[in-house]
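Remarks on the overall topology
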Amino acid sequence: MKLQRTLIVRLLVALAAGLVASAGFAPYGLWPLTLIATAALVALVETAPTRRHAAGIGWFWGLGMFVASLTWIAKAFTYQAAMPAALGWVAVIGLSMFLALYVMLAALAARVLAPVGVARLLVLAGAFMLTEWMRGWVLSGFAWNPLGAAWLEAPGVVQLAELAGAQGISGVMVLAGGALWLTLDPGRVNRERLTGLAIAGLVVVGGVIGRGFEQEVYFPDNPQLIIVQPNIGQDEKYDSGANARHLATYLQMTRNALAGDDSAEVRGGAAAAPGEIDPVTGLRRPGTGPATGPAPAQPDNSLSDRLARARALGNERPNLVIWSKSAVFGLPEEDPGLRARLAAVLGPNDLLLFGGVGANRDAAGRMVSLRNSLFVLDARGEIIASYAKAHLTPLGEYVPARAVMERLGLARLAPGDIDFVPGPGPKTFALPGLPPFGAMICYEIIFGGRVTEYGQRPAWIVNISNDAWFGPTGPPQHLAQARLRAIEEGLPIARATPTGVSAVIGPRGRIFGQLAQGEAGTLALTLPPPLPATPYAQYGNAVPVALALLLILAGIVIGRRKRSAI
C-alpha cells in the first residue's frame, strides 16, 4: 500500500513537472523552468521501480506539458456554433493524452535499452528526438511546441537548430536537464558527476558559439515589404456586412502605406531610451518599447523616405504588400471586378499577396472542393502566382471520415459544407523584382524540413495565417515556430496575420519588426537577406534522426560495457 502511494505521488510530481515545463514556451519564455522540469523527468524515469512505471511517468509528464501549452485550442471552439464550445476542452485533453504517448515511448526506451546513469540519459535524449520527429508526421502530424522551442529565449543555444533542427535542440534540453540531475544527485559517484558537468559545459559552449551567430546583416536597399494587420477579430469576421467593411479597411490601410503616410506605420510616440535601438536594424529591440517599426531616431528610414528612395531609383523593385490568410472573401480567380478593386491601390510595379479561396469545379461547372490559397496580384489585376495549402487542418479545413464524424456530432470549425483539398506541396516562386520565395499558409510553418521546395531553395518565406482563433497564447507560440524554421533554413520569414503577431524574422530567428496582438497597423521593412544553406536546410530531418540514433547507440554501448565491468 505504501509503495502504491509512493508511485501515485511520483506520477503527480511528473504531471506537475510537465506543467512547469510549458512555462518555457511563448509567451512566457521561462526556459530555466523547462530545464528544471526536464531534469525532474530524467530523475523520475531513472529512479522509477519498473519499466511500466517509467512509461507512466513519461506519459504524465507529457500530459502536463501539452495540456498547459495547448489551451488555445479550446478558444477556437468558441468561434463556431456547429459544436458545443465545451468540446474545445475535450479536444485539448484528448489531443494532449495522445501527444503524451510520444514522451511515454521515449521514457520506456530509456529504461529498456540502457541501465542507470549516463547511458540511460543518452538513450532518453535520442529517443526524445526520435519521438518528436514522429510527432511531426504520424497521423498527419502535430509538431507544435517541440521541447527545444524553450531555447528561443536562451542565449545562443537555439542557433544549434541550424545544424540539427528543432528535434536536435530538444535533445540538447534533455541532455542539459540530465546533466543537472547527474551533477546535483547526492547518490552519484564523482565520475558521473564530472560527466554531468562536462555535458553542461558542452551545452554552454554550444550556446556561446551560437550567440556569435546571432548578428544579423540588414540591407536597406532590398525589396520593400508592407505587412497590413487590420486587427479584425474572429468574433467580427462573419458579421452581417462584414466582408465589404473589412475589405475596405485592408484597402485603406494599404493605400495609406503606399502613399508614404507614416501615420499608418506602427512607430510609437515615445522617444527611444538608451539601448532600445538595435544598431544593426535601426529598430527597437523586441520588448523594450512601444514601437515595432523603424525607430523615430532614424528619420531617413521612415516609410515615406524609403518609398521616396525607391521612386528615385526608378522603382525597379516593387513594394510587396502582404495581407493575411482569408483576407479576401469570394473567389478572386473567378471575379475580375474584385481583382480590379484590389489592384486599384497598387503602384505600377507593386504586388499584392493575400489569402483567399480557390474553387475546383467539375465538367458541369459545379463546385466540388475548395483550396485554401495564397494569391499574388499585380497592378493590372492579374493573378500571377498562387499556392494552395498542402497540409490541411483536420476539423479545421476538412472533416476526416465525414460520415462517421457527423454522426458523432463533430463538424468543421470553419463555416461551410464543402471541404478543402490539399495542394501539391512547397513551391518556390520567382516574380519580377523579388528574390524567389516560398509560401506557407497557417500551421504549415510548424513542420520542420517541409517548408521549402526540394532542389529549389528560395531566398525567403512568406507565412500568412489567421491566428485570431487562438486566444492570447496561440499566436506567440505560432510566431515561435516560425522563428525556429527561419533558423533551421537560414531564411528570413515574413508573417501576416489579421490580429497579430505579424512580423519580419531574420534568418537567425531574430525579430526585425512586429505588430503585436490586438494592434492595428502596417509594418514596412526591407527584406533581410538569406544565409547560405544550413546543414539542416541541405539534409533536413536526416540530420536529427541520425544524431538521435547515434545517441541511442552510444547509450547502449556504454550500458553494455558498464554491465560487463560489474
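Refer to the structure above for everything that follows.
Thresholds, definitions, all that
- Residues numbered from 1 in each chain as written.
- Predicted model: local features only at pLDDT ≥ 70, side-chain atom pairs only at ≥ 80, totals over all residues.
- Heavy atoms only, no water.
- Helix = DSSP H or I, 4+ residues; strand = E, 2+ residues; numbered from the N terminus.
- Buried < 20%, exposed > 50% of the residue type's maximum accessible area, 1.4 Å probe, protein only.
- Contact = heavy atoms within 4.5 Å.
- Pairing = 2+ DSSP bridges.
- Axes fitted to C-alpha atoms, helices over the stretch in contact; angles between N-to-C directions.
- Expected span 1.5 Å × (residues − 1).
- Core = buried A, V, L, I, M, F, W, Y, C linked by side-chain atoms within 4.5 Å.
- Phe/Tyr/Trp six-rings, centres within 6.5 Å; stacked < 30°, edge-to-face > 60°.

1. Notes on the environment of A127
- With respect to the helices, strands and loops of the structure, A127 is situated in helix α6 (residues 118-135).
- Its relative accessible area of 5% is what places A127 among the buried residues.
- Sequence-distant contacts of A127, defined by excluding residues within four places in its chain, comprise A106, A109 and I552.

2. Some thoughts on unusual backbone geometry
- The linkage connecting A26 with the following residue, P27, adopts the cis geometry, with an omega of 5°.
- Along the chain, P27 turns up in the loop between α1 (2-21) and α2 (31-47).
- A cis amide bond links G500 to the next residue, V501, at an omega of 15°.
- Summarising the element assignment, V501 is placed in the loop between β9 (493-496) and β10 (502-505).
- Although it is not a glycine, N145 sits at a positive phi angle of roughly 50°.
- Position of N145 among the secondary structure elements: in the loop between α6 and α7 (161-184).

3. Digging into the sheet that holds β10
- Taken together, the six strands give an open sheet; going across it, the order is β6-β7-β8-β9-β10-β11, and neighbouring strands pair in mixed fashion. Each of the sheet's edge strands pairs with one partner strand only, and the pair in question is β6 (428-429) and β11 (511-515).
- Its contacts with the sheet put helix α13 (residues 474-489) on β9, β10 and β11, and the angle it makes with β9 is roughly 160°.

4. Section: the sheet that holds strand β2 (residues 319-322)
- Ordered by their spatial adjacency, six strands build an open sheet running β5-β4-β3-β2-β1-β12, and the pairing between neighbours is mixed. For this open sheet the edge positions go to β5 (383-388) and β12 (521-526), each flanked by a neighbour on one side alone. Taken pair by pair, the neighbouring strands of this sheet meet at an average axis angle of 30°, ignoring direction.
- Relative to β2, strand β1 (residues 224-229) runs parallel, the two being bridged by four bridges. Across the sheet, residue I227 finds its bridge partner in β2, namely I322.
- Across the sheet, helix α9 (residues 242-258) touches β1, β2 and β12, and the angle it forms with β1 is around 145°.
- Packed on one face of the sheet, helix α11 (residues 336-343) meets β3 (351-361), β4 (367-378) and β5 and runs near 30° to β4.

5. Some details on α6
- In this model α6 runs 26 Å from its N-terminal to its C-terminal C-alpha over 18 residues, within 8% of the 26 Å that 1.5 Å per residue would give.
- In terms of burial, α6 is largely enclosed, as 16 of its 18 residues are buried.

6. Things to note about the nonpolar core
- Among the nonpolar cores identified, the biggest contains 119 residues, and W61, W151, I322, L353, L374, W460 and V462 are the most heavily contacted of them.
- Here I322 is in contact with L225, I226, I227, V228, L353, V462, I464, A494 and A496, once residues within four sequence places are set aside.
- If you look at the next biggest cluster of nonpolar residues, it comprises 23 residues, including L247, L251, W323 and F375.

7. So, the packing of aromatic side chains
- For the structure shown, the criterion picks out 13 aromatic pairs.
- Ring centres 5.7 Å apart and planes at 80° place the aromatic pair F98 and Y102 in the edge-to-face group. Here Y102 and F98 lie together in helix α5 (residues 87-113), a separation of four residues that amounts to about one turn.
- You can call F98 partly exposed: its relative accessible area is 31%.
- Residue Y102 is classed as buried on the basis of its relative accessible area, which comes to 7%.
- Among the aromatic residues, ring-to-ring pairing joins W72, F142, W144 and F470 into one connected group.

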